[in-house]
Amino acid sequence: MPNMYREASHAGSWYTDSGAELNRQLNGWLNDADLTFGPARAIIAPHAGYRYCGACGAWAYRQISPAVVKRVFILGPSHHVRLSRCALSAAQYCRTPLYDLKVDQAINKQLESTGHFKWMDQKTDEDEHSIEMHLPYVAKVMEEYSDQFTIIPVMVGSISNEWEETYGKIFAPYLADPQNLFVISSDFCHWGQRFRYTYYEEGSGPIYKWIETLDKMGMDLIETLKADSFSEYLRKYNNTICGRHPIGVLMQAVEELKRRGHRMSFKFLKYDQSNQCCDKKDSSVSYASGSLIFE
């Protein structure tokens, strides 16, 4: 028997647990973002505390046309458990301070039937923030249709390029359906000693500028929608993009649909850093928001 509810375990710390306050914040951020690259079939957006990335995330969510969306797939990395595949949520509902989101049991069954998905236990599900941080934004943009859509949370493990391709092929038909929206959860560079990543090319100016250069190289490659060149970049620079595998799965799904004659384009709309690193003792996390559209 599936657990009924996945609690909003990070409410009250990573974001406010007051529905009214949350609604006001999300409204403000969405109103400050421009609709320039929609309707989004997929978005990439960050998953840090809202005080760091709420404003940046709005630029991705602003591209969504809620009237057409019936199912929202949310692919997030695993930060706490070792996972070599993808895992599904066993909950029936995910709580948010706005309203509860219904998990799509029928799609979960379809995915399970491929033999390539595990199930998260409730603790794993509730400990992980990468999916939860998107739930209030999904609830907000879909609020006029709150009883007309479902969500499919998917935790993506540390998978090989081959497995990214396998999952890309599984998700491709879902991505091809205009009633589906894919939310890809990722922050960008985690720079500093506490992240064990202090790569810097001499002569690149202030550290924060170099981090931006490094991130933008990766973002440019994501925009080409060529999965291999993004993998190559990750191998070369080892940039600490925590959602590299969810991004890889999306890019492989896009590659599969390109082979079937679909035309798509991706564009990043906003880039931000938690703070500006100026010396080796500093640390920062980068955030980027973008949108995939079908032509």
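This text gives an overview of the structure that appears in the document. Fair warning: this is a prediction, and the values are worked out from it, not measured in the lab. (Residues numbered from 1 in each chain as written. Predicted model: local features only at pLDDT ≥ 70, side-chain atom pairs only at ≥ 80, totals over all residues. Heavy atoms only, no water.)

Before going further, it helps to examine the overall build of the protein. Counting its secondary structure elements, the protein contains 9 helices and 12 strands. Since a compact globule built from 295 residues should have a radius of gyration of about 19 Å, the 18 Å found for the protein is in line with a globular shape. In terms of overall dimensions, the protein has C-alpha extents of about 55 × 45 × 40 Å along its principal axes. The burial tally for the protein puts 55% of its 295 residues in the buried class. A fraction of 82% describes how many contacts in the protein between residues 6 or more apart in sequence connect residues 24 or more apart. Element-wise, carbon and sulfur atoms account for 47% of the exposed surface of the protein, whose accessible area totals about 12,600 Å². (Helix = DSSP H or I, 4+ residues; strand = E, 2+ residues; numbered from the N terminus. Rg over C-alpha atoms; globule rule 2.2 N^0.38 Å. Buried < 20%, exposed > 50% of the residue type's maximum accessible area, 1.4 Å probe, protein only. Contact = heavy atoms within 4.5 Å. Areas by Shrake-Rupley, 256 points an atom, 1.4 Å probe, with all protein chains shown as cover.)

Residues lying three or four places apart along an α-helix face the same way, a consequence of the helix completing one turn every 3.6 residues. The terminal C-alpha atoms of helix H1 (residues 19–32) lie 20 Å apart, and with 14 residues this matches the ideal 20 Å at 1.5 Å per residue to within 8%. The set of residues buried in H1 consists of Leu22, Leu26, Trp29 and Leu30. Along the axis of H1, the buried positions cluster into a sector of 100°, meaning they face one direction only. What points out from H1, more than 90 degrees from its buried face, is the exposed set Ala20, Arg24, Asn31 and Asp32. On the buried face of H1, the contacting elements are helix H2 (50–61) and helix H5 (135–141). (Expected span 1.5 Å × (residues − 1). Arc of directions from axis to C-beta.)

Within the fold, Glu164 resides in helix H6 (residues 161–175). Comment: no salt bridge for buried Glu164; closest opposite-charge side chain is Arg244, at 7.3 Å. Among all residues touching Glu164, those that are not within four sequence positions of it are Ile159, Arg244, His245, Gly248, Val249 and Gln252. (Lys, Arg positive; Asp, Glu negative; His and termini not counted. Salt bridge = Lys/Arg side-chain N within 4 Å of Asp/Glu carboxyl O.)

This part takes up the packing of aromatic side chains. Applying the stated criterion across every chain, the model contains 20 aromatic pairs. A centroid spacing of 6.0 Å and a plane angle of 90° characterise the contact between Trp29 and Tyr50, whose relative ring orientation is edge-to-face. With Trp29 in helix H1 and Tyr50 in helix H2, this residue pair connects regions lying 21 residues apart in the sequence. Summarising the burial analysis for this pair, Trp29 and Tyr50 share the class buried. Ring centres of Tyr197 and Tyr199 lie 6.5 Å apart, and the angle between their planes is 50°; this geometry places the pair in the tilted category. Feature note: the residues Phe73, Phe117, Trp163, Tyr167, Phe171, Tyr174 and Phe182 constitute an aromatic cluster, connected by ring pairs. Its guanidinium or amino end placed over the ring of Phe294, Arg41 lies 3.9 Å from that ring's centre, counting from NZ or CZ. (Phe/Tyr/Trp six-rings, centres within 6.5 Å; stacked < 30°, edge-to-face > 60°. Lys NZ or Arg CZ within 6 Å of the ring centre and 35° of its normal.)

Here we have 3 strands laid out as an open sheet, ordered E1-E5-E6, and mixed in their pairing. Two strands bound the open sheet, and with one partner strand each, they are strand E1 (5–6) and strand E6 (101–102). Pairing of strand E5 (residues 93–94) with E6 involves 2 bridges; the strand directions are antiparallel. When the sheet's bridge partners are listed, Tyr93 is paired in E6 with Lys102. (Pairing = 2+ DSSP bridges.)

This brings us to the nonpolar core. Core analysis: the biggest nonpolar cluster contains 54 residues, and Phe171, Leu175 and Leu292 have the highest contact counts within it. At 7 residues, the largest contribution of residues to this core is made by helix H9 (residues 244–259). Not counting residues within four places of it along the chain, the set of residues in contact with Leu292 comprises Pro39, Ala40, Arg41, Ala42, Leu175, Leu225, Leu250, Val254, Met264, Ser265 and Phe266. Ala40, Tyr99, Met133 and Val183 belong to the second-largest nonpolar core, a separate cluster that totals 43 residues. (Core = buried A, V, L, I, M, F, W, Y, C linked by side-chain atoms within 4.5 Å.)

This part covers the pattern of salt bridges. The full count for this structure, using the stated rule, is 14 salt bridges. Across the salt bridge formed by Lys169 and Glu165, the nearest N and O atoms sit 3.3 Å from each other. In this pair, Lys169 and Glu165 both sit in helix H6, 4 residues apart, roughly one turn of the helix. On the accessibility criterion, Lys169 (38% relative accessible area) is partly exposed. Given the relative accessible area of 32%, Glu165 is considered partly exposed. Lys216 is paired through a salt bridge with Glu212; the nearest N and O atoms lie 2.8 Å apart.

Turning to the side chain of Ser186, a few remarks are in order. Residue position: Ser186 is located in the loop between strand E9 (180–185) and strand E10 (190–191). The exposure class assigned to Ser186 is buried, which follows from its relative accessible area of 0%. In terms of polar contacts, Ser186 uses its side chain to reach the backbone amide nitrogen of Gly243, at 2.9 Å. When near neighbours in sequence (up to four residues on either side) are disregarded, Ser186 contacts Ala45, Pro46, His47, Ile241, Cys242, Gly243, Arg244 and Ile247. (Polar contact = N/O pair within 3.5 Å; in protein donor to acceptor, adjacent residues only side chain to side chain.)

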